[in-house]
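Listed below are the residues making up each chain.
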Amino acid sequence: METNVLEHTLRKAEPIRITDGLEIGGEAIVLMAGPCSVEDDATTRAAAEAVYRAGGKVLRGGAFKPRTSPYVFQGLGLDGLRILRDAADEFGLAVITEALGIEHLEAVCEHADIIQIGSRNMQHFPLLWAVGEVDKPVLLKRGFMSTVTEWLMAAEHIASRGNERIILCERGIRTFGTETRNTLDTNAIALANLESPWPVIGDPSHATGRADLVIPAARAAIAAGADGLLVEVHPNPARALSDGDQSLPLERLVELVEEVGRVARAVGRRI
Ligand code: PEP
Ligand code: MN
């Protein structure tokens, strides 16, 4: 009989190690935050400081960006990776950044602690196989038009090559509504938690597309059982080179942590 899942050596009870002293899937909710794109030293450093002060543990920022249009900012590439790493190191944060293609994987592994696979690449199987052979945790975003089963099978493609340090990320799916960029699928957070051995986090920024909905969506993700959050923040959202509409100003990160903290405690977690 054909089997389509591994006998996982990993169980829900075992959190995933990110770096020494930092794990995800335990009692503590892990906050990952930063700009959508790495833009320059100053904005990245300011974001890193705000993430650190709010109690966040991981700095995010894209250096290779999957933009809908090829005529807009595409990311700083290798320079972006260096800027992100330096800013994170200054504040003792881990780094998450997207590997857009196999050709970027070596450089991303050199600079990052978590490799992000973007929504548009969720079923880019050769990329999944490649990160399956790497000794770093992989954050697998759900394709915005993918079912939960397709998402979990994409994770299996990674695990099948040996890397079981996978973090699932629900980042909103396309629905008929046009008022928000996407729809946060809290069902999917609960279901992936039930049916996979991996931690699940929520991305309230891409899920809503609106800064004023990010905190309520973050609360909902945690209430549904998310083990962490991936949030876009920017020192001056109106001037951000990508995703400014959904980026929280830095000073609101503390408010997010307070609001989410209350929900976390209600469901037996902490942040
Ligand atoms: C991002 O995190 O900035 C990003 C491009 O996300 P997604 O792949 O979910 O669109
Ligand atoms: Mn973004």
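Reading the values: the criteria
Residues numbered from 1 in each chain as written. Chains lettered and ligands numbered in written order. Predicted model: local features only at pLDDT ≥ 70, side-chain atom pairs only at ≥ 80, totals over all residues. Heavy atoms only, no water. Salt bridge = Lys/Arg side-chain N within 4 Å of Asp/Glu carboxyl O. Helix = DSSP H or I, 4+ residues; strand = E, 2+ residues; numbered from the N terminus. Buried < 20%, exposed > 50% of the residue type's maximum accessible area, 1.4 Å probe, protein only. Core = buried A, V, L, I, M, F, W, Y, C linked by side-chain atoms within 4.5 Å. Contact = heavy atoms within 4.5 Å. Donors = N, O, S within 2.8 Å, 3.2 Å for Na, K, Ca; no water. Near = heavy atom within 4 Å. Polar contact = N/O pair within 3.5 Å; in protein donor to acceptor, adjacent residues only side chain to side chain. Areas by Shrake-Rupley, 256 points an atom, 1.4 Å probe, with all protein chains shown as cover. 1 Å grid on protein atoms, 1.4 Å probe; cavity = no way out; pocket = protein on both sides within 12 Å on 5 of 7 lines; lining within 4 Å. Points joined across faces, edges and corners; volume = space filled by probe spheres on them. Nonpolar A, V, L, I, M, F, W, Y, C, P; charged D, E, K, R; others polar.

## Describing the pattern of salt bridges
When the charged atoms of two side chains with opposite charge come close together, those side chains can pair. Summed over all chains, the structure comprises 19 salt bridges. Residue R45 is joined to E90 by a salt bridge in which the shortest nitrogen-to-oxygen separation is 2.7 Å. Of the two residues, R45 sits in helix α1 (residues 41-54) while E90 sits in helix α2 (residues 78-90), which places them 45 residues apart along the sequence. Overall, the relative accessible area of 36% leaves R45 in the partly exposed class. Exposure remark for E90: the relative accessible area of 45% places this residue in the partly exposed category. With a shortest N-O distance of 2.7 Å, R269 and D227 are connected by a salt bridge.

## A few points about the nonpolar core
Core analysis: the largest hydrophobic core is formed by 86 residues, its most contacted members being M32, L140, L168 and L256. Leaving out residues up to four positions away in the same chain, L256 has contacts with L31, V214, I215, A218, L229, V231 and L248.

## A word on the coordination of the manganese ion (ligand 2)
Within the protein, C36 (SG), H206 (NE2), E232 (OE) and D243 (OD) serve as the donor atoms for the manganese ion (ligand 2), at 2.1 to 2.4 Å. Mapped onto the sequence, the residues coordinating the manganese ion (ligand 2) show the spacing C-x169-H-x25-E-x10-D. Pair noted here: H206 is in helix α7 (residues 204-208) and E232 is in strand β10 (residues 228-234), with a separation of 26 residues, a long-range link. In this structure, H206 and E232 share a single accessibility class: buried.

## So, the site of ligand 1
The environment of ligand 1 is made up of 13 residues, and the closest members are R60, S119, R120, K141 and R171. Contacts to ligand 1 include S119, whose backbone N or O atom sits 2.8 Å from an oxygen atom. Between H206 and ligand 1, the recorded distance is 3.2 Å, taken from a side-chain N or O atom to an oxygen atom. Compared with its free state, where it exposes 300 Å², ligand 1 has 97% of that area covered by protein.

## Brief notes about the environment of A33
Along the chain, A33 turns up in strand β3 (residues 30-34). Given a relative accessible area of 0%, A33 falls into the buried group. Excluding its chain neighbours within four sequence positions, the residues that come into contact with A33 are V51, V58, L59, R60, V231, V233 and L253.

## Section: empty space enclosed by the protein
Considering all chains together, one arrives at one cavity of 30 Å³ or more under this definition. For the largest cavity, the calculated volume is near 30 Å³. Taken together, R60, G61, G62, K65, I96, T97, E98 and Q116 form the lining of the largest cavity. Its residues assigned to classes, the lining of the largest cavity comprises one nonpolar, four polar and three charged.

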